[in-house]
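Coordinate analysis (summary)
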Amino acid sequence: SSPISTALSTGIRLRELLVLSWDDIHFDKQTVTIKKTATSIGDGKRQIEQVRSGFRTIALPPSWVTNLKKHKEKQLLIQRDIGEQQYDELNLLFPNNTGGVQKTFVVSAKFHRLIDDADVKKIAFHDLRRMHAILLTKAGVSYEFIKERLGHKKIETTLRLF
């Protein structure tokens, strides 16, 4: 799993993805609770704040849950190799090299390099949310469901995606 595949398969915002912790994942229910977002100042725990509009819980694709379990195993091996003392205790799904919060521009830059390498039309990272919403509508999902899943306050915001 990566922030890119996660954004496409869940519609979660990049700033929310970067501060997702393992405590936010409910493997037994196959859900994730979005309750934090990354801020653009500070480092470590000061980079995390509560989502202003409250929290939301969304269902996860079963294949993503399987990949996530593998991702957690790899992450634990990396953490062990680095040494527990030098690894941040934020318990993040997609941490930087020391376990802290990744910068949004670093993830976006990796995303754009992948797009350049694939020689496909350039899109912004945030467009993965729109793609997720479009895939949901093609599957017959209601706009109201998509609104809740993406964390929009108003249905008009959701409808502007199409």
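Just so it is clear, the model here is predicted, and its values are computed rather than measured.

Our focus in this paragraph is a nonpolar patch on the surface. Together, Leu8, Met131 and Leu135 line one region of the surface with nonpolar side chains, adding up to about 250 Å² of accessible area. Structurally, the position occupied by leucine 8 is in helix α1 (residues 3–10).

Okay, the pattern of salt bridges next. Pairing of side chains with opposite charge becomes possible as their charged atoms draw close. Following the criterion strictly, the structure yields seven salt bridges and no others. The closest approach of N and O atoms between glutamate 16 and arginine 13, which form a salt bridge, is 2.9 Å. When the shortest N-O distance is used, the salt bridge between glutamate 16 and arginine 56 registers 2.9 Å. Here glutamate 16, found in helix α2 (residues 14–17), pairs with arginine 56, found in strand β5 (residues 56–59); they are 40 residues apart in sequence, far enough to count as distant. Taken individually, glutamate 16 and arginine 56 each receive the classification buried, so the pair is uniform in this respect. Three or more residues are tied together by salt bridges with common partners; here these are Arg13, Glu16 and Arg56.

One pass over the structure, following the stated rule, counts three aromatic pairs. Aromatic pair tryptophan 22 and phenylalanine 27: ring centres 6.4 Å apart, planes at 20°, arrangement stacked. Of the residues examined, tryptophan 22 reaches a relative accessible area of 7% and is grouped as buried. Overall, phenylalanine 27 belongs to the partly exposed group, its relative accessible area being 24%. Seen from their ring centres, tyrosine 143 and phenylalanine 162 are 5.3 Å apart, and the 50° between their planes marks the pair as tilted.

About the criteria used
- Residues numbered from 1 in each chain as written.
- Predicted model: local features only at pLDDT ≥ 70, side-chain atom pairs only at ≥ 80, totals over all residues.
- Heavy atoms only, no water.
- Patch = residues over 30% accessible without salt bridge, like charges linked within 9 Å, V, L, I, M, F, W, Y side chains within 5 Å.
- Areas by Shrake-Rupley, 256 points an atom, 1.4 Å probe, with all protein chains shown as cover.
- Salt bridge = Lys/Arg side-chain N within 4 Å of Asp/Glu carboxyl O.
- Helix = DSSP H or I, 4+ residues; strand = E, 2+ residues; numbered from the N terminus.
- Buried < 20%, exposed > 50% of the residue type's maximum accessible area, 1.4 Å probe, protein only.
- Phe/Tyr/Trp six-rings, centres within 6.5 Å; stacked < 30°, edge-to-face > 60°.

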